[in-house]
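One letter stands for each residue in the lines below.
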Amino acid sequence: MSNFTTTMPTMKEIEQWIFRKMQEEFARAMKQVLEVLDQQIMEQRDRERYRVKDDRETSVNTVFGNVRFKRRLYCDRRSGKHVYLLDQLLQFEGRGKVSPHLEETAITFASQGPSYRDSAKRLEQLLGYNVLSHQAIREKLIERAEQPMPEVKRRAARVLFVEVDGLYTKLQRSRKRGMENAIAVIHEGWEKNGKRVRLKNKQHYLHTGSGDFWEGFGDFLVERYEIDENTWLVVNGDGAAWIGECTSYFHQCLYMLDRFHVARELKRFVGHLPKVWETVRRSLAKQDAAALITALEGVSEQEIAEENRKDWKPYKSFLKRHEKHLSDYRKTLQAKGIDTSGMRPMGSAESQMRIFAKRTKRGGYSWSERGVRAMLRTMMRMKEAGTVVRTFEGHTSKQETSQQPINMRRLFKNVTQPVKGYIAGMIRILQGPKQSSTTGMALKALRG
């Protein structure tokens, strides 16, 4: 190796060079595909409604880099407005300057954290050029989050499970030091996914209105489920007064005290008493409220650590008041004739909140009210759909534009054919009904 005089690039340099070349080729192919699609739209459009006005060049940042292409501007004779039919077909706002896929990637990075600045740096490191500033990513995330969700088909449900908790976040440039975001996770039960168990049809509700939480939550349920007098709600919470009010809003409602919060508090009180703690732990696992209360009654105040003694009696009284909320909800449902097979104990509220807290509270971040709500909405929608949902109001249906299905494989094959010495194209008269006319026959004879 010491005799080699040629300077060899490193593996990293080769990888970077090939990646940049691939980006250039993909950008070139994307430009050709978009312009061919625009040509097909022009040929298949409703000619009585849409009149071609002009060709306009635009540019858009994509994962391949900046792509410049031309598309046609049409005059809509029916509405009197000017439209880009290509934008409507692709559900893309051409003036946005950022492709939907790239925008979704930036928003996904931002929702995963730890910050908007870090998201911008990761995006630049991945794609090799400065795509969006951290402020631009924040604005796009908020814009997406504030778009209305598309209407969903209402589902029938006999029993709905609701995990409710509050997430406290610090506020910046506000008279209030912080705010509690009331969040509910709704699902229809549990289903197996291989060796794991997941929540079925999980949805999220973030309370943002000025009214009562449960009134807003009730409206949310009515929009998504066919609620009637036979629908049961099983609500799990940490014992906060506002969560316990659910039973006064819904007739068929069972309120459960979250076992994670109870276990955490009791470990603070009796964790140093091995026999008592083991009895407490087993009682919570079996949802045996009577055995739990009995075990706690046998603990004297002197056995509690001195720093926790003043809180021991109030917390024990709190558990006694909520004794029925520590029992197994499935027994009540069974008594009402509901099949409880496949139902599991409640208690995923804290794990759900931990995910949101990791993004909004890590690093001691402070937020604006609008910003933190947008972030939480984005995370919720991504958990429900796997991606960020975007609505496009200007989308035109197939009936209006008479679009035919497009074969992408054939489209790529056509646009990548090398052209030498002639222009690849077509003479329209040879493709239409006038190909048998005198002019059409004369042109056909030129083929030789």
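Everything in this summary refers to the structure shown in the same document. The structure displayed is predicted, hence computed values, not measured ones.

### Re the overall build of the protein chain
Link 1 in the chain: Counting its regular elements, the protein chain contains 18 helices and 13 strands.
Link 2 in the chain: Every one of the 448 residues in the protein chain was classed for burial, and the buried ones make up 40%.
Link 3 in the chain: Put simply, of all contacts in the protein chain between residues at least 6 apart along the chain, 63% involve residues at least 24 apart.
Link 4 in the chain: Just so you have it, the protein chain exposes about 27200 Å², and 50% of that area is on carbon and sulfur atoms.

### Overview of helix α12 (residues 309–321)
Because an α-helix packs 3.6 residues into every turn, residues spaced three or four apart end up facing the same way.
Link 1 in the chain: What α12 keeps buried is the set Trp 312, Tyr 315, Lys 316, Phe 318 and Leu 319. Down the axis of α12, the smallest arc covering the buried residues is 155°, so these residues share one side. Residues of α12 that are exposed and angled more than 90 degrees away from the buried face: Lys 310, Lys 313 and Arg 321.

### Regarding helix α6 (residues 213–224)
Link 1 in the chain: Along its 12 residues, α6 runs 17 Å from first to last C-alpha, staying within 8% of the 16 Å computed at 1.5 Å per residue.
Link 2 in the chain: Buried within α6 we find Phe 213, Trp 214, Gly 216, Phe 217, Gly 218, Phe 220, Leu 221 and Arg 224.
Link 3 in the chain: Here α6 starts with a cap whose side-chain oxygen sits 2.9 Å from the backbone nitrogen of Trp 214, and that cap is Asp 212.

### Quick notes on the environment of Glu 25
Link 1 in the chain: Following the sequence through the fold, Glu 25 ends up in helix α1 (residues 11–44).
Link 2 in the chain: Expressed as a C-alpha distance, the spacing of Glu 25 and Phe 64, which sit 39 residues apart in the sequence, is 8.5 Å.
Link 3 in the chain: A polar contact of 2.7 Å, which involves the side chain of Glu 25, links it to the side chain of Arg 28.

### Topic: unusual backbone geometry
Link 1 in the chain: For the bond from Gly 113 to Pro 114, the omega torsion is 5°, close enough to zero to count as cis.
Link 2 in the chain: Backbone geometry places Gln 91, a non-glycine residue, at a positive phi of 50°.
Link 3 in the chain: Mapped onto the fold, Gln 91 is located in the loop between α2 (85–90) and α3 (100–112).
Link 4 in the chain: Judged by relative accessible area, which is 41%, Gln 91 ranks as partly exposed.
Link 5 in the chain: Positive phi outside glycine occurs at Asn 201, with the angle close to 50°.
Link 6 in the chain: Locating Asn 201 in the fold gives a position in the loop between β8 (196–199) and β9 (203–206).

Calculation criteria
Residues numbered from 1 in each chain as written. Predicted model: local features only at pLDDT ≥ 70, side-chain atom pairs only at ≥ 80, totals over all residues. Heavy atoms only, no water. Helix = DSSP H or I, 4+ residues; strand = E, 2+ residues; numbered from the N terminus. Buried < 20%, exposed > 50% of the residue type's maximum accessible area, 1.4 Å probe, protein only. Contact = heavy atoms within 4.5 Å. Areas by Shrake-Rupley, 256 points an atom, 1.4 Å probe, with all protein chains shown as cover. Arc of directions from axis to C-beta. Expected span 1.5 Å × (residues − 1). Polar contact = N/O pair within 3.5 Å; in protein donor to acceptor, adjacent residues only side chain to side chain.

Don't take any of this as a statement about function, it's just geometry.
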